[in-house]
Amino acid sequence: MSSKIAVVTGANKGIGFAIVRGLCKRFEGHVYLTSRDENRGADAVAALQKEGLNPNYHQLDITDPKSVTVFRDYIKEKYGNIDILVNNAAIAFNNDAPDPVAVQAEETLRVNYFSVLSSCEILFPLLRIGARVVNISSFCGHLSLIPSEKLRQRFQDPNLTIPELSDLMRQYVEAAKQGTQAAEWGNSSYVVSKVGLTALTKIQQRLLNDKDIKVNAVHPGYVDTDMTSHKGRLSIDEGAQAPLFLALDAADSVRGEYVWCDKRIVSWSGSKPGDI
């Protein structure tokens, strides 16, 4: 029951896969590669085993609370606690996707915000005192990308609650359905979802401070993955570096922060740093 446990969601490919690889090399404990699709997860585990690494596997679909609950119960019974949780699973529609804006808005926020939130609510009770949570955000999660100053101020409110943040996310979806989102929210559901995730990170840190749990959001860089249509300049292993830094190396004083791909702590509400 005393073994250390690291969990990475959405880890059968891309940055999540590389984070698992990095954890297997350095983390002194069991590393769980999780994925929605069991066959793809098995293939990912096999690929890492060929490299001499030995991740554990468990099916986990963050959009299905039953799946997350099954996983929670498995970890609780087998180990008791989680030491590192990397919330990596996410989706993004291609720029030329034919889906209506309303559909893109609802689905993107369902996965990237609401499903991450519900997964955290289910798994957080297992976090050990001193645990680390890494929420994979994006350069799109920078607050400067929200046009409305009023909304930016609302996101920055130090007393913002999770129910209030979730209501903001629902307001965006409703605006997208009405076709009125552009002026205040902009035209990217992915931006809104990642701004929401970064805001959630800061609230989660406030709520978990008394347990010495560190929760941070990170922009991993512009990485060559399916999500970027392989236009990214960084390899998946380069994209894993900042998340691994937060999971393993960052000082305990780094908490509730928005961290850039070069491991800088950046101002979430200031000017957006240049990308790498």
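Structure shown above.
In this report, the structure presented in the accompanying data block is examined. (Residues numbered from 1 in each chain as written. Predicted model: local features only at pLDDT ≥ 70, side-chain atom pairs only at ≥ 80, totals over all residues. Heavy atoms only, no water.)

### Side note on the packing of aromatic side chains
As a reminder, the rule being used: Only rings of Phe, Tyr and Trp enter the pairing, Trp through its six-membered ring, and a pair is recorded when the two centres are within 6.5 Å. The plane angle decides the type: under 30 degrees is stacked, over 60 is edge-to-face, the rest tilted. Relative accessibility decides the category of a residue: with a 1.4 Å probe and only protein chains considered, values under 20% of the type maximum give buried, values over 50% give exposed, and everything between is partly exposed.
For the structure shown, the criterion picks out seven aromatic pairs. Look at Tyr-258 and Trp-260: their rings are 5.7 Å apart centre to centre, the planes differ by 85 degrees, and that puts the pair in the edge-to-face class. Neither Tyr-258 nor Trp-260 differs from the other in exposure class; each is buried. Among the aromatic side chains, those forming a connected cluster through ring pairs are Tyr-32, Phe-71, Tyr-74 and Tyr-79.

### Some points on the sheet that holds strand E3 (residues 56–59)
Here is the rule we go by: Note on pairing: DSSP must find at least two bridges between two strands before they are called paired. A helix here means a DSSP run of H or I that spans at least four residues, while a strand means a run of E at least two residues long, and both kinds are numbered starting from the N terminus. Every residue pair with non-hydrogen atoms within 4.5 Å of one another is taken to be in contact. To obtain an axis, a line is fitted to C-alpha atoms, over the contacting stretch when the element is a helix, and the angle between two such axes runs from 0 to 180 degrees between their N-to-C directions.
As summarised here, the arrangement of the eight strands in space is E3-E2-E1-E4-E5-E6-E7-E8, forming an open sheet in which the pairing is mixed. Two strands lie at the open edges of the sheet, namely E3 and strand E8 (265–266), each paired on one side alone. Examined bridge by bridge, strand E1 (residues 5–8) and strand E4 (residues 82–87) share three bridges and lie parallel to one another. Residue pairing across strands places Ala-6 opposite Ile-84, the latter belonging to E4. On the sheet, helix H8 (residues 189–208) packs against strand E5 (127–136), strand E6 (214–218) and strand E7 (258–259) and is oriented at approximately 165 degrees with respect to E6.

### Observations concerning the environment of Lys-194
By the secondary structure assignment, Lys-194 is in helix H8. Expressed as a C-alpha distance, the spacing of Lys-194 and His-219, which sit 25 residues apart in the sequence, is 9.8 Å. With sequence-adjacent residues up to four places away left out, Lys-194 is seen in contact with Ala-90, Asn-112, Ile-136, Ser-137, Ser-138, Cys-140 and Gly-141.

### Some remarks on the layout of surface pockets
How we decide: Think of a 1 Å grid over the protein atoms and nothing else: a 1.4 Å probe that fits but is trapped marks a cavity, an open set flanked by protein within 12 Å on at least five of seven lines marks a pocket, and residues with an atom within 4 Å of a point count as lining. Grid points are joined across faces, edges and corners, and a volume is the space filled by probe spheres set on the points. Only Asp, Glu, Lys and Arg are considered charged in this grouping, and only Ala, Val, Leu, Ile, Met, Phe, Trp, Tyr, Cys and Pro are considered nonpolar; every other residue, Gly among them, is considered polar.
The calculated volume of the second largest pocket comes to roughly 210 Å³. Lining the second largest pocket we find Lys-4, Arg-26, Phe-27, Glu-28, Asp-83, Ile-84, Gly-130, Ala-131, Arg-132, Ala-247 and Leu-248. Of all the elements in the fold, those that place two or more residues in the lining of the second largest pocket are E4, E5 and helix H10 (241–249). In terms of residue count, the dominant contributor to the lining of the second largest pocket is E5 (three residues). A class-by-class count of the residues in the lining of the second largest pocket yields five nonpolar, one polar and five charged.

### Points about the nonpolar core
So the rule is basically this: Buried Ala, Val, Leu, Ile, Met, Phe, Trp, Tyr and Cys residues form a nonpolar core when they are joined through side-chain atoms within 4.5 Å.
Leu-127, Phe-155, Leu-165 and Trp-185 are the most contacted members of the largest nonpolar core, which has 58 residues in total. One finds Ala-44, Val-223, Phe-245 and Leu-246 within the second-largest nonpolar core, a separate group that totals 32 residues.

### Brief notes about the pairing of E3
Quick reminder of the rule: With its strands directed away from the observer, a crossover is right-handed exactly when the path from the first strand over the helix to the second travels clockwise.
Two elements, strand E2 (residues 30–35) and E3, share four bridges in a ladder whose sense is parallel. Looking at E3, one finds that Tyr-32 is bridged to Asn-56. Running through helix H2 (residues 38–49), the crossover from E2 to the neighbouring parallel element E3 is right-handed.

### What to know about the packing of helix H5 (residues 149–156) against helix H6 (residues 162–178)
Put simply, the rule reads: Any angle from 65 to 115 degrees is called roughly perpendicular, while one under 35 is roughly parallel, one over 145 is roughly antiparallel, and all others are oblique. Crossing handedness is read from the near helix: turned anticlockwise from the far helix by less than a right angle, it gives a left-handed crossing, and turned clockwise, a right-handed one.
One way to put it is that H5 packs onto H6 with a least axis distance of 10 Å and a crossing angle of 150 degrees. On the basis of their axis angle, the class for H5 and H6 is roughly antiparallel. The handedness of the crossing between H5 and H6 comes out as left-handed. Of H6, the residues touching H5 (which contributes Leu-151, Arg-154 and Phe-155) are Glu-164, Leu-165, Leu-168 and Met-169. Tallied by class, residues from the contact of H5 with H6 come to five nonpolar, no polar and two charged.

### Side note on the packing of helix H4 (residues 101–123) against H8
Here H4 crosses H8 at 20 degrees, and the two axes come no closer than 8 Å. The angle between H4 and H8 places the two elements in the roughly parallel class. In this structure, H4 crosses over H8, and the sense of that crossing is right-handed. Contact residues: H4 offers Gln-104, Ala-105, Thr-108, Leu-109, Asn-112, Tyr-113, Val-116, Leu-117 and Cys-120, while H8 offers Ser-189, Tyr-190, Val-192, Ser-193, Lys-194, Gly-196, Leu-197, Leu-200 and Gln-204. Considering only residue class, the contact of H4 with H8 consists of ten nonpolar, seven polar and one charged.

### Brief notes about the pairing of E5
Of all the ten residues making up E5, seven are buried; the element is thus mostly covered by neighbouring parts of the structure. By the bridge criterion, five bridges tie E4 to E5 in an arrangement that is parallel. Directly across from Ile-82, in E5, lies its bridge partner Leu-127. Between the parallel pair E4 and E5, the chain is carried across by H4, and the sense of this crossover is right-handed. One ladder, built from five bridges, connects E5 with E6; its direction is parallel. Bridge pairing in E6 places Ile-136 opposite Val-218.

### Quick word on H2
Which entries qualify depends on this criterion: The span one expects for a helix is its residue count, reduced by one, times 1.5 Å. Working note: the arc is built from the helix axis to C-beta atom directions. Any pair of nitrogen or oxygen atoms within 3.5 Å is treated as a polar contact; in protein, a donor-acceptor pairing is required on top of that, and neighbouring residues in sequence qualify only through side-chain atoms on both sides.
Over its twelve residues, H2 runs 16 Å from end to end, which matches the ideal 16 Å to within 8%, given 1.5 Å per residue. The complete set of buried residues in H2 reads Gly-41, Ala-44, Val-45 and Leu-48. Around the axis of H2, the buried residues are gathered within 100 degrees of arc, so they sit on the same side. Away from its buried face by more than 90 degrees, H2 exposes Asn-39 and Asp-43. The elements touched by buried residues of H2 are helix H1 (14–26), E2 and E3. Capping the start of H2 is the job of one residue whose side-chain oxygen sits 3.0 Å from the backbone nitrogen of Asn-39: Asp-37.

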